[in-house]
Amino acid sequence: MNNNDMDQKAKELQNVLEQFYSTTDNPKRKEIDTILNNYKAQSDSYEHVQYYLVHSDNQYVIWFSLSVIEDKVNKAWSSISVSSQNQTKSLLLDIFLNKTGSTSNSTVKNVLPQFIISKLGQVIADIGRYEFESNPQNYLLNITNLVRNPLTSIRGINLLQYISESFTTNKKVISQQKKTILKKLLHQNSPIIIQVLVECLGQLFDQNAEKKFKHANLLAFHVGSPDTNTYTASFNAESGNLTKAVFDALLSYFSWIPLSDLLLPSLFDILFKYLRLDKNSIPALECLNEIVSKNLVPKGFESFLMRIFHQVYSLLTDIVSNGGQQINQYHPDFLKKFTQFIQIFINNHLGRIETNPNFPIPDFLGLLFQYSFFQSEPEYFLQCIDIWSTFLDYLINLSQENGTPPPSKYTDGLLLFQSELVKRILYSFSNNTLSELDDEEKEVNENGISETPLESYIKKCIEVVAKVTELYPEKSLENLYPLFTQNVTSFFCKAEESIKQGVSMENEQQFQYLVKDVTTILHLFGRLADQFVVSFAQTFTAANFIFQKLLDMCLFSVNQYVYKFGSDWEKLQIELLCTIRSFCFWLAEYGNQVRAVVGQQPDFDSNITKLISIIVPLFERNAPESILTSAGKLLMSLATISKPLNLFTQMDMLISNIHNICAPLSPSIQSIIYPAISCTILLPPSNVNLSQQWDQRRPKYSPFIKGITASFLEIPQIPNFIEGKIFCKEELIQRVLRVLRVVTAIIRTVPEVTQAKSILHDGIQDTLKVTLGLFRVYIGYPIVLEAILDFFFVLFEFLKAQVGVVFTQQTISTFLDILGGDNLNQLLSGGNDTGISIIKKLIEILTFIVQQPGNSFESLLGSTIEFSMEKLYPMIVNSTSVLRSPFFTLLYSILDNHWKHCQQNQINSILTAFQSIFKQNDVNLFKQNLDHFEKLNSKLKLYEKISSMEPVFGCSFISMFFEVLISDTQSVHTDDIIITIYRFATLNFDKFFNEFFTTFLVQKNQLSNEQKQILRSNFSNATDQPTFSTNMTQFINDFSYFSFINS
């Protein structure tokens, strides 16, 4: 074929490729992709693309040509003649070295883009896998010569990086045996590569850097004197690119080379030299981070830790010099990476250096203290706070494990740190920083809590303040006490005076930031309340003063309706209630103490009476729901945590009047207040020597609960309730929802006391029957069904013994009967969120019932399995529904608790369901179900049962797991799957090796007989788990490799 024909073919290919990359029509792309794959498969395509590489400058054509050669290299390189191999290699190398603009002096007009240069280098490295194995030293010598040649240096460095990536690839494009050999040989020769790259860095540094000033020795240093001088440099574009290429190559090797191979003084010294440059030091930090992140400690590592520590110490000294002015000369990205470096160093190596006298940790912490508080950006400051948090966790754990007080050498420094940290969360000291943080938009954090960036910032700082307090409780509380006695009390005095003078608080500027600061201080003391319990006797006077002031401030806030002054005042009132609530554990300890001291009970009781008198008026006023919620939770904590001795008596008036108080309140608030009153009545004093007062509590509870349910119980008696469609009225629906929500909340908080549960059950027994009857009535109202199911789930969870077996069976049968068939279809059709929530709750109820010990609910087993497998499973098996996870937990629970009661066909259908899901690509569900299988195997010998079911299942589960491994759809779970296969194999290794393997491989038509024989012979009959796992890993890789080269 002449050149004109080849040029024409190149243009045709270019047109096809441009269509492929420009179209958004998937069918069209698929059609073009088929054309391109057919072209690749042509016998002469390999020769054609080499012509295109020389004569075409179209990026798409070049990329496609390289992919054709890549396929040939990976699949059939050995089938090409040596002369053809050399010709291809020379062509690619020539383009790579001479036509990619590798130097600033290059005369190449159309420089190839970086993604093609990378592809080109990767294909050259792939070819190198064949040469390197036979003569690694000679192969590397050729590459290192490229590095040392100024004209080809950057491409030689690039090749070293591509070699690392290609020779250690996880891709299944080479056999496992070859992977092992290549990695071993490359590891053996890695010192040469590292040395060449370090030399290159050194030369570039010497050529472009000069010493700025010399440091005096800051520390006594016993392992040599690393260079801690500061340098300046002016790298031109070419030198900068070279330097970046070296660091990229080093990072690639650092990612897999053992740490012992990296402990070279020359490497550390050059990395820290670059770290001290005004610019171009971030890549050096990334390399150091990679090294320090390796947590394995080889022999002789301490001296290198000392070297790193010395360098970090020196660099910290530089950064914090000149009163913090120096830090502004560093790029923010550098500071971020440097902070990460310190964090990794502390995380991985603190335990090795903290007790070593060669490491002056207090001096280091002094520098870190300055470095932390010189940070002006909240994000970078919080990074530093994370380091302190790690250090404090270490000291706390060390103290707890050894049963000794924390080291006194840190006391003064950490108390100072605590004081300065508090200043960072107060507007009085840090107005600019705090004002920049968003306090409007809420974000969900890693714990699923919604909070604004400002709230998150303050909370993280307070947590670290609390850790210092945990270490040194008495001294820390003494250190922080003035915050409350001076700032908080004076604020409320000033506010009270301003109100008396008729000042309009809504517009009073002097309170703008004071309100925020007092709210933060209250939050802080709420977080520290547990420490007043730990050191109760020593801190009682201070804690009692704070508690009394909190009551006074809360009373002031209630009387003055301070929430009307604006949102910040509303937050302040909420925080007051939350802080008092945090002191409920302290109140509990206080109550325990006064019981043993004659004459002190009245003082304690007066505190409780005062607190009740402050809370209750909030419910009788039109306060915001946020405040009412906090007040209700405080009432609940008082009843369930503090449990004052005379609370039942002290709350008598409130209990009697509770329905009048709650009537105007929303159901959400009622669902907090009513459970608090319920617990007050049902929860007796914790002291066993005290009277439980059941004779007084039971008569009090009956009218209380009837006052809630009376309007609900009369619903079925309403004339024409069903026939006249009265049940459809909004008022009726809201009544049902309100009562169900309140009673559900009461049941959920019932005390774990048999007598209390009995009283509650007696009080709501009529409600149960009415609720079950309404389920059928409201079948067309998902919102009501959801509330009813939620009610019964909580009922069965907390009152199952009181409810009894008969009613439970009746309830479950009703649910299954009503929700089967068309009703189920309607609830799950069209992505109905409420419908999905209803069925999810039903699944959870069924799971709970199935998990109950004994045979009480055996009669429900058949209908539960029928509903699950015949009605629900077909609707979710091929979907992405959120119901799939709880559904398979239900199936697991059925097998786990009732295997012996299940019929064989039921077991078969459940196992088939598991098997079908294992074949799908749902990573999380796969892991969940694999864990279920492991638990079932441990308890019931599941794999033995499955193996005994031949020919129904036989080895089908093992085959299925093999297929999953080969398909790579669950690669993240490879190790777990191999362990599962091993457990199957242990049942009968002889059958596994001689029958299963033969049968499995015979069925694989995509492999040749020779390849099948290689796979089988490479899988030894060793039965120990480590060898078996190694064999499995090799089998998976080589099976995929053979399939790849045959494709």
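Everything numeric here is computed off the predicted structure, so don't read it as measured data. (Residues numbered from 1 in each chain as written. Predicted model: local features only at pLDDT ≥ 70, side-chain atom pairs only at ≥ 80, totals over all residues. Heavy atoms only, no water.)

What to know about the overall build of the protein chain
- When you go through the protein chain residue by residue, the secondary structure sums to 47 helices and four strands.
- Projected onto its principal axes, the C-alpha positions of the protein chain cover 105 × 80 × 55 Å.
- In the protein chain, buried positions account for 52% of the 1047 residues.
- Put simply, 73% of the contacts in the protein chain that link residues at least 6 apart link residues at least 24 apart.
- Within the protein chain, the 102 negative side-chain charges are centred at a point lying 3 Å from the centre of the 85 positive side-chain charges. (Helix = DSSP H or I, 4+ residues; strand = E, 2+ residues; numbered from the N terminus. Buried < 20%, exposed > 50% of the residue type's maximum accessible area, 1.4 Å probe, protein only. Contact = heavy atoms within 4.5 Å. Lys, Arg positive; Asp, Glu negative; His and termini not counted. Charge placed at Lys NZ, Arg CZ, Asp CG, Glu CD.)

Thoughts on the nonpolar core
- Of all hydrophobic cores here, the largest spans 365 residues; its most connected members are Phe 338, Tyr 371 and Leu 795.
- By residue number, the principal contributor to this core is helix H34 (residues 782-803), which donates 14 residues.
- Apart from the residues lying within four places of it in its own chain, the contact partners of Tyr 371 are Leu 316, Ile 319, Val 320, Ile 327, Leu 335, Phe 338, Thr 339, Ile 342 and Cys 384. (Core = buried A, V, L, I, M, F, W, Y, C linked by side-chain atoms within 4.5 Å.)

Some details on helix H37 (residues 833-850)
- In a regular helix each residue adds 1.5 Å, so 18 residues correspond to 26 Å; H37 covers 26 Å between its end C-alpha atoms and thus fits that length.
- Counting buried positions along H37 yields 13 of 18 residues, so the element is predominantly enclosed. (Expected span 1.5 Å × (residues − 1).)

With respect to the confidence of the model for the protein chain
- Averaged over the protein chain, the pLDDT score is 89; the fraction of residues at 70 or greater is 95%.
- Ranking the elements of the protein chain by mean pLDDT puts strand S1 (residues 209-213) last with 69 and helix H32 (residues 730-748) first with 97.
- Predicted confidence for residues 216-225 stays below pLDDT 50, and this span has 17 contacts to residues more than four positions away or in other chains. (pLDDT = per-residue confidence, 0-100.)

Overview of the environment of Lys 919
- Relative to the helices and strands, Lys 919 resides in the loop between helix H40 (904-918) and helix H41 (923-940).
- Between the alpha carbons of Lys 919 and Thr 969 there is a distance of 8.8 Å; along the sequence they are 50 residues apart.

Some points on the side chain of Lys 757
- Here Lys 757 is to be found in helix H33 (residues 754-777).
- On the basis of relative accessibility, which here comes to 11%, the residue Lys 757 falls in the buried class.
- A distance of 3.2 Å separates the side chain of Lys 757 from the side chain of Glu 752, its partner in a polar contact. (Polar contact = N/O pair within 3.5 Å; in protein donor to acceptor, adjacent residues only side chain to side chain.)

Some points on empty space enclosed by the protein
- A full pass over the atoms with the stated rule returns four cavities of 30 Å³ or more.
- Taken as a whole, the largest cavity holds about 90 Å³ of empty space.
- Around the largest cavity sit Ala 639, Lys 643, Pro 644, Leu 645, Leu 647, Phe 648, Cys 679, Thr 680, Leu 683, Pro 684, Pro 685 and Arg 697, which together line it.
- Residue assignment for the lining of the largest cavity shows that the elements contributing at least two residues are helix H28 (647-650) and helix H30 (667-682).
- Residues that form the lining of the largest cavity fall into these classes: nine nonpolar, one polar and two charged. (1 Å grid on protein atoms, 1.4 Å probe; cavity = no way out; pocket = protein on both sides within 12 Å on 5 of 7 lines; lining within 4 Å. Points joined across faces, edges and corners; volume = space filled by probe spheres on them. Nonpolar A, V, L, I, M, F, W, Y, C, P; charged D, E, K, R; others polar.)

Some thoughts on the packing of helix H38 (residues 861-876) against helix H39 (residues 884-898)
- The interhelical angle for the contact between H38 and H39, taken along N-to-C directions, is 150°, at an axis separation of 11 Å. When the axis of H38 is compared with that of H39, the two are roughly antiparallel. Between H38 and H39 the crossing geometry is left-handed. Listed contacts from H39 to Leu 861, Thr 864, Ile 865, Ser 868, Met 869, Leu 872, Tyr 873 and Ile 876 of H38 are Arg 884, Phe 887, Phe 888, Leu 890, Leu 891, Ile 894 and His 898.
- Taken together, the residues of the contact of H38 with H39 sort by class into 11 nonpolar, three polar and one charged. (Axes fitted to C-alpha atoms, helices over the stretch in contact; angles between N-to-C directions. Parallel < 35°, antiparallel > 145°, perpendicular 65-115°, else oblique. Left-handed = near helix turned anticlockwise from the far one by under 90°.)

Digging into the pattern of salt bridges
- Inspection of every chain in the model, using the stated rule, returns 36 salt bridges.
- For the salt bridge of Asp 896 with Lys 939, the shortest nitrogen-to-oxygen distance reads 3.2 Å. Taken together, the residues span a long stretch of sequence, with Asp 896 in helix H39 and Lys 939 in helix H41 at a distance of 43 residues.
- Taking relative accessible area as the criterion, Asp 896 reaches 16% and is therefore assigned buried.
- Through salt bridges with shared partners, a single network forms among Arg 748, Asp 790, Lys 840, Lys 841 and Glu 844. (Salt bridge = Lys/Arg side-chain N within 4 Å of Asp/Glu carboxyl O.)

Structural notes on unusual backbone geometry
- Positive phi values are uncommon outside glycine, yet Tyr 561 reaches one of about 50°.
- The phi angle at Lys 941 is positive, at roughly 55°, despite the residue not being glycine.
- When you line up the elements, Lys 941 lands in the loop between H41 and helix H42 (942-947).

Observations concerning the side chain of His 761
- Along the chain, the position of His 761 falls in helix H33.
- What makes His 761 buried here is its relative accessible area of 8%.
- Discounting chain neighbours no more than four positions away, the residues touching His 761 are Leu 768, Gln 802 and Val 803.

Focus: the layout of surface pockets
- Estimated volume of the largest pocket: approximately 1200 Å³.
- Lining of the largest pocket is provided by 39 residues; of these, Glu 455, His 523, Ile 574, Glu 575 and Cys 578 occupy positions nearest its centre.
- Of all the secondary-structure elements, those providing two or more residues to the lining of the largest pocket are strand S4 (450-451), helix H19 (453-471), helix H21 (512-527), helix H22 (529-534), helix H24 (567-582) and helix H27 (625-642).
- Looking at the lining of the largest pocket residue by residue, the classes come out as 12 nonpolar, 12 polar and 15 charged.
- The computed volume of the second largest pocket comes to approximately 440 Å³.
- Contributing elements (two or more residues each) for the lining of the second largest pocket: helix H9 (176-208), helix H44 (974-986) and helix H47 (1025-1046).
- Per-element accounting of the lining of the second largest pocket gives the leading share, four residues, to H9.

Things to note about the packing of helix H43 (residues 956-967) against H47
- Where H43 meets H47, the closest approach of the two axes is 9 Å, and the angle between their N-to-C directions is 60°. Accordingly, the angle class assigned to the pair H43 and H47 is oblique. The chirality of how H43 crosses H47 is right-handed. Of the residues in H47, those touching H43 at Phe 962, Leu 965 and Ile 966 are Met 1032, Phe 1035, Ile 1036, Phe 1039 and Ser 1040.
- Partitioned by chemical class, the residues of the contact of H43 with H47 number seven nonpolar, one polar and no charged.

Focus: the packing of aromatic side chains
- The final tally for this structure, using the stated rule, is 92 aromatic pairs.
- Ring plane angle 75° and centroid distance 5.8 Å describe the contact between Phe 132 and Tyr 139, whose orientation is recorded as edge-to-face.
- Residue Tyr 139 is classed as buried on the basis of its relative accessible area of 8%.
- Ring centres of Phe 791 and Phe 792 lie 5.2 Å apart, and the angle between their planes is 80°; on these two criteria the pair is classed as edge-to-face.
- Accessibility expressed as a relative area gives 0% for Phe 791, which makes it buried.
- Between Arg 424 and the ring centre of Phe 381, over which it is positioned, the NZ or CZ distance is 4.3 Å. (Phe/Tyr/Trp six-rings, centres within 6.5 Å; stacked < 30°, edge-to-face > 60°. Lys NZ or Arg CZ within 6 Å of the ring centre and 35° of its normal.)

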